[in-house]
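Next come the chains, spelled out residue by residue.
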Amino acid sequence: MVAASHNMDKQTARDKLAQDKLAQIRAVAAQVPDPELPMLTIADLGILRDVKHTPEGDYIVELTPSYIGCPATDMIMAQTRQALDEAGLSDVKVKRVLHPVWTTDWITQEGRAKMRAHGIAPPQKRQKKKPTALFATPAIDCPHCHAKQSERISEFGSTPCKALYKCLVCLEPFEYFKCH
Amino acid sequence: MATKRTATKAKAKAKAKAKRTAKKPAPAKIRAKKQTKRIKQAGGGVAPTTRFEQAVKSWKKPDKRFVAYLIALGDDQLVLAQNLIQWCGFAPTLEEDIALSNMGLDMLGQARELYNYAGAVEGKGRSEDDIAFLRGEHEYQNLLLLEQPNGDFAQTQLRQFFYASFMVPFWAHMETHCLDETLQAIGGKAVKEMAYHARHSAEWVIRLAQGTDESRRRLLQALQALYIYTGELFAPYPQAEAIRQAYHLPDPAQLKPLWQAKVADIFKMADITLPAEAVMQTGGRIGRHTENLGHLLADLQYMQRTYPGLSW
């Protein structure tokens, strides 16, 4: 009986340790900035998918690409690796996962607010799989003056995830994070 | 007497064999039970494996046909990527320059994903670079349509429109039906990218057809050049026919009506009629290519062929 409870204590102590370590890993990984949008962290963007403790005893940080060919993904993996190493968490593995598929809905409210504060219009909420009509330009709110009139300059922008717009009221150009 | 003895011997042998075979699965079962217990204790950290995944893992050898299918599918994306990226710095406007490069980047990303996965399934340590750079022209199994030269802007946009209109239902099928989880995920990402390409290129097809006499002439010329290669979109992958059912892979032939409807829809808006009957060219899927692929690969593979093993 005593032995059993002793084992139990050991088990809970181990669990507690694992929980603490997971929290530490999450805190470190969540601080990694996106190389293209340095004001946003990978947690804000929903690219930091999960932090796991496997039954084999491994700790794994799971990252997911925004766009499949986004060149920043490799950089993000390397930066996450570096951040973990610097925090003394070299035993943690960094893994790239595709499933479940990332969409702009994974961007947090905080992430959206940060985007707006830096002159990037956050993605609109997805319209239930309705394809956008040809030649239609969705009305994007200007992140500078919040006017609703804007025009699209370019459907593709400086990174795979953005398009270029111009506000028709304050005339400032701005980037729109595409709904994906 | 002797026969009796051999009979009993045989019986005993059979019994022993039965005993052996009966006992065999037990440790595995216990292992599996312990495993699930461990997973439960760890808070169910591992996603439940489907019966299909277990079946795949239990196969002793990787399915060569599946590897070949992944590579062929990757070839399509890589060849188109290589073509599109050549517009970088040459497109008619800055916006289109960015657009074509971005589309090329999407294609390249899909190719990398497929090649990496093919290498992992194959298990012989082939990397994405080995697959892309160290295969000859006849080992490439891409569609002839995709290796056609960029031509002018109209030809590039029309090629993209023809291909993207096909790949949207293709990847959508992959995402919802395929039993392989990685292909499902690639499909889920690629379908959105291809939908974007389809829309962008469809707008250009309409714009060019309804623009000036010159833009319309060029688009019609592109149609003449490319239409004979569209029939191959619906040709089967030779290596995938046998495994299509098992993996629930999309059947290109079944996507034909969807593609035709989409093309008819856009061409109606562009006021273009499809050429009546054309002799469709095929051969890419069995490694028989047009001249263009050789030139394209010579450019793509130059560094690796000249300095084998060169790396960043």
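Residues numbered from 1 in each chain as written. Chains lettered and ligands numbered in written order. Predicted model: local features only at pLDDT ≥ 70, side-chain atom pairs only at ≥ 80, totals over all residues. Heavy atoms only, no water.

A.B. asks: Help me understand the overall build of chain B, please; the structure alone is not making it clear to me.
C.D. replies: Each helix and strand counted, chain B has 13 helices and 0 strands in total. Ordered by position from the N terminus, the helices and strands of chain B form the series α-α-α-α-α-α-α-α-α-α-α-α-α. When the 312 residues of chain B are sorted by exposure, 46% land in the buried category. Sequence separation of 24 or more characterises 81% of the internal contacts of chain B that already satisfy a separation of 6 or more. Carbon together with sulfur atoms contributes 58% to the accessible area of chain B, which is approximately 16,700 Å² in total. (Helix = DSSP H or I, 4+ residues; strand = E, 2+ residues; numbered from the N terminus. Buried < 20%, exposed > 50% of the residue type's maximum accessible area, 1.4 Å probe, protein only. Contact = heavy atoms within 4.5 Å. Areas by Shrake-Rupley, 256 points an atom, 1.4 Å probe, with all protein chains shown as cover.)

A.B. asks: Looking at this structure, how should I read the side chain of Ser150 of chain A?
C.D. replies: Residue and element names in this part refer to chain A. You can see Ser150 is positioned in strand 5 (residues 150–154). Assessed through its relative accessible area of 14%, Ser150 is described here as buried. Ignoring anything within four residues of it in the chain, the contact list for Ser150 reads Ile140, Tyr165, Lys166, Cys167, Leu168 and Phe174.

A.B. asks: Looking at this model, I keep getting lost on the sheet that holds strand 7 (residues 173–177) of chain A. Mind explaining?
C.D. replies: Residue and element names in this part refer to chain A. Spatial ordering of the open sheet is given by 4-7-6-5, a layout of 4 strands whose pairing is mixed. Sheet topology places strand 4 (120–121) and strand 5 at the edges, where each strand pairs with a single neighbour. Where strand 5 meets strand 6 (residues 162–167), 4 bridges bridge the pair, whose relative direction is antiparallel. Bridge pairing in strand 6 links Arg152 to Tyr165. (Pairing = 2+ DSSP bridges.)

A.B. asks: Please clarify how the packing of aromatic side chains should be interpreted in this entry.
C.D. replies: By convention here, two paired aromatic rings are described through the distance between centres and the angle between planes. All names here are of chain B. The tally for this structure, following the rule as stated, stands at 16 aromatic pairs over all chains. Geometrically, the ring pair formed by Phe166 and Phe170 is tilted, given 5.9 Å between the ring centres and 35° between the ring planes. Here Phe166 pairs with Phe170, and both are found in helix 8 (residues 153–177), just 4 residues apart, close to one helical turn. In terms of burial, Phe166 and Phe170 fall into one category: buried. Each residue in the set Phe161, Phe162, Phe166, Phe170, Trp171, Phe234, Trp259 and Phe267 is aromatic and connected to the rest through ring pairs, giving one cluster. If you follow Arg285 out to its NZ or CZ, it ends over the ring of Tyr237, 3.9 Å from the centre. (Phe/Tyr/Trp six-rings, centres within 6.5 Å; stacked < 30°, edge-to-face > 60°. Lys NZ or Arg CZ within 6 Å of the ring centre and 35° of its normal.)

A.B. asks: Please clarify how the pairing of strand 2 (residues 59–63) of chain A should be interpreted in this entry.
C.D. replies: Strand residues, when the strand is regular, have side chains that alternate between the two faces of the sheet. Residues and elements named next belong to chain A. Of all the 5 residues making up strand 2, 5 are buried; the element is thus mostly covered by neighbouring parts of the structure. Residues Tyr59, Val61 and Leu63 point to one face of strand 2 and Ile60 and Glu62 to the other, with burial holding for every one of them. Of the strand pairs in this sheet, strand 1 (residues 48–53) and strand 2 are connected by 5 bridges, and their pairing is antiparallel. Bridge pairing links Leu48 to Leu63 in strand 2. Here strand 1 folds back onto strand 2 in antiparallel fashion, the turn holding 5 residues, of which Gly57 has a positive phi close to 95°. As judged from the 4 bridges shared by strand 2 and strand 3 (residues 93–96), these two strands associate in the parallel manner. Looking at strand 3, one finds that Leu63 is bridged to Arg96.

A.B. asks: Looking at this structure, how should I read the nonpolar core?
C.D. replies: One broad rule of soluble globular proteins: the nonpolar side chains tend to lie buried together. If you look at the biggest cluster of nonpolar residues, it comprises 86 residues, and the most contacted ones within it are Leu158, Phe162, Tyr163, Phe170 and Trp171 of chain B. No other element matches the 14 residues that helix 9 (residues 181–209) of chain B contributes to this core. Membership of the second largest hydrophobic core comes to 32 residues, among which are Ala18, Leu45, Val51 and Val92 of chain A. (Core = buried A, V, L, I, M, F, W, Y, C linked by side-chain atoms within 4.5 Å.)

A.B. asks: How do you make sense of the interface of chain A and chain B when you look at a structure like this?
C.D. replies: A common way to express how large an interface is: the accessible area buried when the components associate. With 33 residues of chain A in contact, the opposing surface of chain B contributes 34 residues. Both faces combined, the contact of chain A with chain B buries some 3,000 Å², and carbon together with sulfur accounts for 61% of it. Our count for the chain A to chain B interface comes out at 3 salt bridges. Between Arg112 of chain B and Asp74 of chain A there is a salt bridge, with the nearest N and O atoms lying 3.7 Å from each other. Applying the counting criterion to the chain A and chain B interface returns 11 residue pairs in polar contact (both at pLDDT 80 or more). Within the residue set of the side of chain A that touches chain B, elements represented by two or more residues are strand 1 and strand 5 of chain A. For the side of chain A that touches chain B, the element with the highest residue contribution is strand 5 of chain A, accounting for 3 residues. The class makeup of the residues in the side of chain A that touches chain B is 15 nonpolar, 10 polar and 8 charged. (Buried area = accessible area lost by both parts, 1.4 Å probe. Salt bridge = Lys/Arg side-chain N within 4 Å of Asp/Glu carboxyl O. Polar contact = N/O pair within 3.5 Å; in protein donor to acceptor, adjacent residues only side chain to side chain. Nonpolar A, V, L, I, M, F, W, Y, C, P; charged D, E, K, R; others polar.)

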